[in-house]
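An overview of the molecular structure
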Amino acid sequence: MRKPFLSVIIILSSLFSKSTVQAQNPQWNAAEIKLNLEKLNVLGSVLYFAAHPDDENTRLIAWLAQEKKYKTGYLSLTRGDGGQNLIGTEQGIELGLIRTQELLAARRIDKGEQFFSSAYDFGFSKTPEETFAFWDKQRVLREAVWLIRKFRPDVIITRFPPDARGGHGHHQASAILAHEAFKAAADPQQFPEQLEHVQPWQAKRLLWNTFNFGGQDNTAEDQLKVDIGAYNALLGASYGEIAAHSRSSHKSQGFGSAAQRGSSTEYFEYVDGVPASTSLLEGVDTSWKRVKNSAKVQSRILKIIQNYQVDRPEASVSDLIQLHQELDQIDDVYWRGEKKKEVEKLILACSGIWFESIARNTDYAVGDRIHIDNAIITRATGVDVELLKLNGKAINKKLAGNLLFKDSIFVNADNLTQPYWLIEAHAKGKFNVSDFSLTGYPDNPNKPKVHFELAVNGMPIAFDQDIEYKYTDPVRGELYHPIAIMPQITAKSESPLALIRNGEAINIRVSFQKHGQIPNQAAKLRVLAPKGWEIVPTELDLQFDAHTTVLSKEIHIRPLDADISSIDTLRFQQEQKEPLREVKAIDYSHIPEIVYFPETAIKISNIQLLNEVKHVAYVHGAGDLIPESLNAIGIHVDVLSSEQLLKTDLAAYDAVILGVRSFNVNKNIAQVQTKLLDYVQGGGTVLTQYNVSNGLVSKNFGPYAFSLGRNRVTDELAPVHYDEKDPVFNYPNKITAADFENWVQERGLYFAENIDKRYRTPIAMHDPGEGLHKGSLLVTSYGKGKFVYTSLSFFRQLPAGVPGAYRLFVNLLSKSK
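Residues numbered from 1 in each chain as written. Predicted model: local features only at pLDDT ≥ 70, side-chain atom pairs only at ≥ 80, totals over all residues. Heavy atoms only, no water.

Overview of the nonpolar core
Core analysis: the largest hydrophobic core is formed by 56 residues, its most contacted members being L320, I347, I376 and L387. Of the residues forming this core, the biggest block, eight residues, is contributed by helix 10 (residues 333-350). If we skip the residues at most four places from it in the chain, I347 touches V317, L320, I321, V456, M459 and I461. (Core = buried A, V, L, I, M, F, W, Y, C linked by side-chain atoms within 4.5 Å. Buried < 20%, exposed > 50% of the residue type's maximum accessible area, 1.4 Å probe, protein only. Helix = DSSP H or I, 4+ residues; strand = E, 2+ residues; numbered from the N terminus. Contact = heavy atoms within 4.5 Å.)

Here it is as structure tokens:
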């Protein structure tokens, strides 16, 4: 059993609900109930549209959702997979998984709904043209149109403009797509296959939420202005305070925010549709007058709001049930469905109904039977509640007031709890999701659930409750986290990267683990050998019994041509030609535990490498995998805290390395740097990896001055111009153009500027259409030693097994000759 971690039940958007309330347990207090009663009387909606998690204006979303009480959604085209990570070493899809959950945490605070497209964040892009070359523009447009037609926003708001003012190419692309989707959603000739399920939808207007940050002020007094700095007495907070909590959910990006109080003006530039001069939804009837035959509904809602008793919410249940019935009489199918779901949640909340479905273990395998302990209680007086069924099992039990009722059932573990966008292999710029009906979901809609059927004062209400695991931590108290349904057999290598130096064969050990309730299992696996490699064995027979759940096998790996640097991937295939998977868990306390099942893939790389560096010290910055990567080529790495380094005699080390963003996150970096420069003067080598210019603890990066800019080279295959005579390209490894092949995601980022002439800058490179940038590598002699500052993305290249990156990195650590 994996160690449990904190989890939060994710309430899925009612947009995608079927006939039941999804994963819903509304424990609203009396003030929150009042806010949601008032929301019944509002029929407006707004969709915010941008590129990444953390792009959204959380204060505006909170104001729209809780002050104006509009249906408010945020469409983030990507999950932020290509960003940097300030809390750990996860990159790529793992970072995207973290940022997805951070975004959902933000929405739970500001009360917006969250959607995604299939676009993959492949890293920084300088132009929308480059972005669309990877994203499959037509597919993302199709998805955006689908979401607009389902969500039916009255107004669409973009975070960015479609031109260079938007900065990141993804930002610009999101604005371009928003505009095209705004038009296409209303055109029945566009994506007509969608019209079997949705109708064309014309939003009233498209606006750009202009901004004044990052050195740009795009606001103007002739733009539409809205003061969103209101204070909500029911919430006991202003929207600036709520937004700070929401914004601070993006911990992997270091977006902890201070609360803002008082008047705050947002600006909006007209893009398309009907202009507005006074309010965002000007000209949109957000009352029940927009729906025919709704007079009785309007009257009932006003009565419920007027008669609501803060100390007796249950007194509203009878009128809410009447409202639910009256909603059946209105003509508008969309608003009838939306408001009925809102009413059902309010009935549960006003009745004081609490429920849970708890599994007895954290982990299961496909094919298992899951024993579920269900509990339900109604705590309001004067409300008659009967539990009719659990997953179709007849219960027919009237719930006694304030007495917990328990019942157990079994649920079949039919499907992996793999995030749906990771079921199929992803391409460089997009996730491949064959089932288009999943479009937009932030998380798996078909997680293991229990279907509850109740009668509240005779009215049937059905809802699905997520199955979770519950335990009590002696410090944090009662905690929940999701259960995981995993493959019956998984595999994991002792290292995800098998590095072979100079063609010498190696053996790697792979552990195969049986999961689930079946005591005896057998499996026959094929080891898929890439071309140019000798792999022994090529087939594996596994026999598990009740006493053997883990088997370890050794695999021999040798490149057929020892003199050629190469990089490939070793995979495993099961008898049904299904790829073998491994179990990975991501466990941070600010988000639910994430368990997913990537294909077992071992990167194998043959490196022609001369290396005299034996022992280095490493000081963590924001987090990278450089220590593990260096261990893989035989360099012993001591990971030291700042305090340890300051007390250590560094003379024993061949070199000292500072992790990425050390000058941004290490509070002791000034003291550390003083000691490191003394170490260099005495003959040592120090290598400092990239930092960003914002939030620097110290600006004294090296023995001589330079500053940090925002220049970067995003084309990982961009030509590299280098001084072939410079010592760093000649000892101990002779660096050639081939060493810059097979790099991933980017060449480098946040290059140095205003560089003192005492530094050598032996590399120059550029993206298409730009001038050469020389700030990716700075080298200087200082005293008897060598100081290196590099913005080359070694933190991506070394874990990916790129041979040339290893050869160059070793040269930078080595004593020059």
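Digging into the environment of L542
Among the secondary structure elements, L542 is positioned in strand 28 (residues 539-544). Sequence separation between L542 and K524 is 18 residues; the distance between their C-alpha atoms is 6.2 Å. The residues touching L542, leaving out its near neighbours within four places in the chain, are F512, Q521, A522, A523, L525, L551 and K553.

Section: the pattern of salt bridges
Counted under the stated rule, the structure contains 44 salt bridges. Of the charged contacts in the structure, one is a salt bridge between E241 and R261, with a shortest N-O distance of 2.6 Å. Taken together, the positions of E241 in helix 7 (residues 239-247) and R261 in the loop between helix 7 and strand 12 (265-273) put the pair 20 residues apart, joining distant regions of the chain. For E241, a relative accessible area of 17% gives the class buried. Between E746 and R712 there is a salt bridge whose closest N-O contact spans 3.7 Å. Separated by 34 residues along the polypeptide, E746 in the loop between strand 39 (720-722) and strand 40 (752-753) and R712 in the loop between strand 38 (707-708) and strand 39 bring together distant segments of the chain. Neither E746 nor R712 differs from the other in exposure class; each is buried. Linked by salt bridges that have partners in common, R300, K303, D319 and E326 make up one network. (Salt bridge = Lys/Arg side-chain N within 4 Å of Asp/Glu carboxyl O.)

Thoughts on the sheet that holds strand 30 (residues 566-573)
Pairing is mixed across the open sheet formed by five strands, whose spatial order is 24-33-30-26-28. Bordering the open sheet on either side are strand 24 (497-501) and strand 28, each of which pairs with just one other strand. If you compare each strand with its neighbour and ignore which way they point, the axes differ by 20° on average. Across the face of the sheet, helix 16 (residues 803-813) comes into contact with strand 24, strand 30 and strand 33 (601-607) while running at roughly 55° to strand 33. (Pairing = 2+ DSSP bridges. Axes fitted to C-alpha atoms, helices over the stretch in contact; angles between N-to-C directions.)

A closer look at the sheet that holds strand 29 (residues 550-559)
The four strands are arranged 23-25-29-27 in an open sheet whose pairing can be described as antiparallel. Every other strand in the sheet has two partners, leaving strand 23 (489-493) and strand 27 (533-536) as the edge strands with one partner each. Across this sheet, the average inter-strand angle for adjacent strands is 25°, counted without regard to direction. Where strand 25 (residues 506-514) lies against strand 29, eight bridges are found, and the strand directions are antiparallel. Note on strand 29: the bridge partner recorded for R509 is E554.

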